[in-house]
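Chain residues, written in single-letter form:
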Amino acid sequence: MRLTVTSHLTLDGVMQSNGKPEPELNDGFEQGGWQVPYFDQDMDRLTADWIAAADAFLLGRRTYELFANYWSQVTDPGDPRATRLNALPKYVVSTTLDRVQWHNSMLLQGDLAGEVAKLKRQLGGELQVHGSAELVRTLMKHGLVDEYRLLIHPVVLGNGKRLFADGTTPAALELIDTKITSRGVVAQIYQPSGKPQYLSAAAEQEGGVVKDSVSRHAATRSAGQPHQMQHRPADRAGFARLKPMQCRPGLIATTGLDVRLFITPAIRDF
Amino acid sequence: VRKLVLQMGVSLDGLVARPGEFGAGGWGVPPEDPALKARKLDWLRAAGLHLMGRATYEEMAGFWPSSDDEYAKPMNDLPKVVFSKTLTRAEWPDSTIASGNLADEISALKREPGKDMIAWGGATFAQSLSRLRLVDEYRLVLQPVALGDGLPLFAGLTSPFVLDLIEAKAYSDGAVLHVYRPAAG
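This report concerns the structure included in the present document. Keep in mind that what you see is a predicted model, and the values were worked out from it rather than measured.

**A few points about the overall build of chain A**
Step number 1: Per the secondary structure count, chain A includes 10 helices and 10 strands.
Step number 2: Out of the 270 residues belonging to chain A, those deemed buried represent 53%.
Step number 3: The contacts in chain A between residues at least 6 apart in sequence include a share of 72% that link residues at least 24 apart.
Step number 4: When the accessible area of chain A is evaluated, it comes to approximately 12,000 Å², of which 52% is carbon and sulfur surface.

**Considering the overall build of chain B**
Step number 1: A count of helices and strands for chain B gives 5 helices and 11 strands.
Step number 2: Relative to the compact-globule value of 16 Å for 185 residues, chain B shows a C-alpha radius of gyration of 16 Å, a close match.
Step number 3: Projecting the C-alpha coordinates of chain B onto the three principal axes gives extents of approximately 45 × 40 × 30 Å.
Step number 4: Out of the 185 residues belonging to chain B, those deemed buried represent 61%.
Step number 5: Sequence-distant contacts, at least 24 apart, represent 74% of the contacts inside chain B between residues at least 6 apart.

**Here we look at the environment of D149 of chain B**
Residues and elements named next belong to chain B.
Step number 1: With respect to the secondary-structure elements, D149 resides in the loop between strand 8 (145-146) and strand 9 (151-152).
Step number 2: Between the C-alpha atom of D149 and that of R89, which follows or precedes it by 60 residues, the distance is 32 Å.
Step number 3: Once you skip the residues sitting within four places of it in the chain, D149 turns out to touch L15, A17, R18 and P19.

**Some words on the pattern of salt bridges**
Step number 1: Inspection of the entire model under this criterion finds 24 salt bridges over all chains.
Step number 2: Among the salt bridges present, the one from D44 of chain A reaches R81 of chain A, with a minimum N-O distance of 3.0 Å. Of this pair, D44 of chain A sits in helix 1 (residues 41-52) while R81 of chain A sits in helix 3 (residues 80-87), placing them 37 residues apart in sequence.
Step number 3: Looking at D44 of chain A, the relative accessible area reads 31%, which means it is partly exposed.
Step number 4: As a salt-bridge pair, K3 of chain B and D116 of chain B come within 3.8 Å of each other at their nearest N and O atoms. Placement of K3 of chain B in the segment before strand 1 (4-11) and of D116 of chain B in the loop between helix 4 (102-111) and strand 6 (117-119) is noted, with a sequence separation of 113 residues between them.
Step number 5: Look at D116 of chain B and you get partly exposed, because its relative accessible area is 26%.
Step number 6: Members of the salt-bridge network, linked through shared partners, are K3, D116, E137, R139 and R181 of chain B.

**Quick notes on the sheet that holds strand 5 (residues 95-98) of chain B**
Step number 1: The strand order across the open sheet built from 9 strands is 7(A)-10(B)-11(B)-7(B)-1(B)-6(B)-3(B)-4(B)-5(B), with neighbouring strands paired in mixed fashion. Whereas interior strands pair on both sides, the edge strands pair on one side only; in this sheet they are strand 7 (155-156) of chain A together with strand 5 of chain B.
Step number 2: As defined by bridge partners, strand 1 of chain B adjoins strand 6 of chain B across 3 bridges and the pair is classed as parallel. Across the sheet, L6 of chain B pairs through a bridge with A119 of chain B, a residue of strand 6 of chain B.
Step number 3: Helix-sheet contacts for helix 1 (residues 34-45) of chain B involve strand 1, strand 3 (49-53), strand 6, strand 7 (137-143), strand 10 (161-170) and strand 11 (176-182) of chain B, and the interaxial angle to strand 11 of chain B is about 35 degrees.
Step number 4: In the packing of helix 4 of chain B onto the sheet, contacts are made with strand 1, strand 3, strand 4 (80-83), strand 5 and strand 6 of chain B, and the angle to strand 4 of chain B comes to roughly 165 degrees.

**Overview of the packing of aromatic side chains**
Step number 1: As enumerated under the stated definition, the model contains 10 aromatic pairs over all chains in all.
Step number 2: Judged by centre distance (4.9 Å) and plane angle (85 degrees), the rings of Y70 of chain A and W71 of chain A are edge-to-face.
Step number 3: Overall, W71 of chain A belongs to the buried group, its relative accessible area being 13%.
Step number 4: For the cation-ring pair, K90 of chain A lies above W102 of chain A, with the distance from its terminal atom to the ring centre recorded as 4.4 Å.
Step number 5: The cationic tip of K37 of chain B hangs over the ring face of Y71 of chain B; the distance from NZ or CZ to the ring centre is 4.8 Å.

**What about unusual backbone geometry?**
Step number 1: Residue G121 of chain B is joined to G122 of chain B through a cis peptide bond whose omega torsion reads 5 degrees.
Step number 2: Along the chain, the position of G122 of chain B falls in the loop between strand 6 and helix 5 (123-131).
Step number 3: The phi torsion at N26 of chain A lies on the positive side, around 50 degrees, for a residue other than glycine.
Step number 4: Within the fold, N26 of chain A resides in the loop between strand 1 (2-10) and helix 1.
Step number 5: For D94 of chain B, which is not glycine, the phi torsion reads 65 degrees and is therefore positive.
Step number 6: Along the chain, D94 of chain B turns up in the loop between strand 4 and strand 5.

**What to know about the side chain of S11 of chain B**
Residues and elements named next belong to chain B.
Step number 1: For S11, the position within the fold is in strand 1.
Step number 2: Looking at S11, its side chain comes within polar contact range of the side chain of D13, at 2.4 Å.
Step number 3: Residues in contact with S11, not counting those within four places in the same chain, are W27, Q143, V145 and L147.

**Side note on the packing of helix 1 of chain A against helix 3 of chain A**
Residues and elements named next belong to chain A.
Step number 1: Relative orientation of the contacting elements helix 1 and helix 3 amounts to 25 degrees, with a least axis distance of 9 Å. Between helix 1 and helix 3, the interaxial angle falls into the category roughly parallel. Here helix 1 runs over helix 3; the crossing is left-handed. From helix 1, M43, D44, T47, A48, I51 and A52 reach across to helix 3, where they touch P80, R81, R84 and L85.
Step number 2: In terms of residue class, the contact of helix 1 with helix 3 is made up of 6 nonpolar, 1 polar and 3 charged.

Cut-off values and rules
Residues numbered from 1 in each chain as written. Chains lettered and ligands numbered in written order. Predicted model: local features only at pLDDT ≥ 70, side-chain atom pairs only at ≥ 80, totals over all residues. Heavy atoms only, no water. Helix = DSSP H or I, 4+ residues; strand = E, 2+ residues; numbered from the N terminus. Buried < 20%, exposed > 50% of the residue type's maximum accessible area, 1.4 Å probe, protein only. Contact = heavy atoms within 4.5 Å. Areas by Shrake-Rupley, 256 points an atom, 1.4 Å probe, with all protein chains shown as cover. Rg over C-alpha atoms; globule rule 2.2 N^0.38 Å. Salt bridge = Lys/Arg side-chain N within 4 Å of Asp/Glu carboxyl O. Pairing = 2+ DSSP bridges. Axes fitted to C-alpha atoms, helices over the stretch in contact; angles between N-to-C directions. Phe/Tyr/Trp six-rings, centres within 6.5 Å; stacked < 30°, edge-to-face > 60°. Lys NZ or Arg CZ within 6 Å of the ring centre and 35° of its normal. Polar contact = N/O pair within 3.5 Å; in protein donor to acceptor, adjacent residues only side chain to side chain. Parallel < 35°, antiparallel > 145°, perpendicular 65-115°, else oblique. Left-handed = near helix turned anticlockwise from the far one by under 90°. Nonpolar A, V, L, I, M, F, W, Y, C, P; charged D, E, K, R; others polar.

Laid out in structure tokens, this is it:
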């Protein structure tokens with residue numbers, strides 16, 4: 001299975017309680033529901049199409065409880081989110097729950113990374129993570145995420161739990177696609193591209209990093225990683241009516257690199 | 001009244017500085033897309049004043065005067081204001097030290113005639129500008145990397161704020177430019 005992570009973020013990276021206030025969590029966060037003003041037709045279409053592409057869900061305990069309480073009550077067979085979320089298998093990561101009651105839910109216990117890796121090997125299709133920040137960071141640490149779908153909202157909260165909190169495993173990513181909704185949310189799709197290869201002063205002098213960087217990106221291309229999303233019809237449909245952005249023609253691989261460009265200004269890149 | 005633009009590279013985890021490193025070159029991101037560079041050069045040439053915190057000023061003052069990059073000319077030619085309570089000398093040509101209250105200093109600069117001002121960070125200076133609501137436009141280059149450790153663009157805010165997305169554009173190096181202005185009201 002491909003494991004995809006979908007996350008609604010503020011510009012300062014906060015992900016918690018995007019849909020509604022959750023005073024029952026007693027975590028002191030008072031800005032729940034911050035995402036609601038940005039939910040427009042574009043966002044609706046985009047996220048509904050993502051969910052329609054799911055074959056199973058992988059959820060942390062908090063997100064599981066939130067989803068189970070809400071979506072199990074939505075019985076409209078015409079609701080594309082509810083039908084998928086209620087019907088499809090849900091794997092729940094928790095060290096405190098001993099049972100899960102939402103239809104077709106299973107607890108994942110023991111070695112989380114091993115269990116998720118096994119799921120990915122054994123099943124086909126798309127395993128979707130929504131919310132679940134702590135789980136996402138664990139998956140990142142073990143290299144189990146295949147795609148990030150980040151929806152960056154034009155608001156700065158100043159506090160709250162962040163998806164990529166301090167201590168996140170450093171990751172280089174490849175930008176796959178980008179779209180803007182009518183209310184100023186920017187959707188950015190990334191796939192992992194290994195570890196960041198930092199430009200050290202020594203490597204700079206030897207010119208080694210330029211070579212490394214080029215080879216890393218060239219390797220990404222030749223490994224046949226998708227540059228576009230044509231292999232996922234649902235995604236393309238979701239993007240079809242959104243305002244297009246100029247997006248990744250693969251320039252790095254196809255144009256001559258100005259080596260100087262990387263060695264000097266990149267160091268002082270603002 | 002002229003605008004204060006905060007222009008910075010930001011990692012996907014919201015950081016603008018990696019400990020001990022400066023800028024995107026220390027972040028392991030690909031070479032800058034020439035189209036993005038052209039855009040930034042246009043902005044630079046349209047600016048009237050550079051604003052910097054002390055550490056960023058010292059790093060840039062040690063770098064741009066001897067650089068032959070295209071960025072160097074506008075970086076060297078435009079006047080600079082460095083915000084510091086401790087600095088006594090600023091030797092990069094056409095530099096002024098501002099040591100007073102930040103909000104007052106910025107307000108006075110905004111009222112002066114001239115073209116827009118670009119603030120380049122670093123992190124502490126940028127955080128103060130946002131906290132005091134002095135930024136009229138954010139030009140953020142979101143780099144395709146999570147750093148895991150570093151200094152955030154936003155910190156110490158006393159209240160949330162809403163922005164209008166003016167523009168977002170993806171570049172072939174994987175960077176995404178976001179331009180925001182504070183929403184009215």
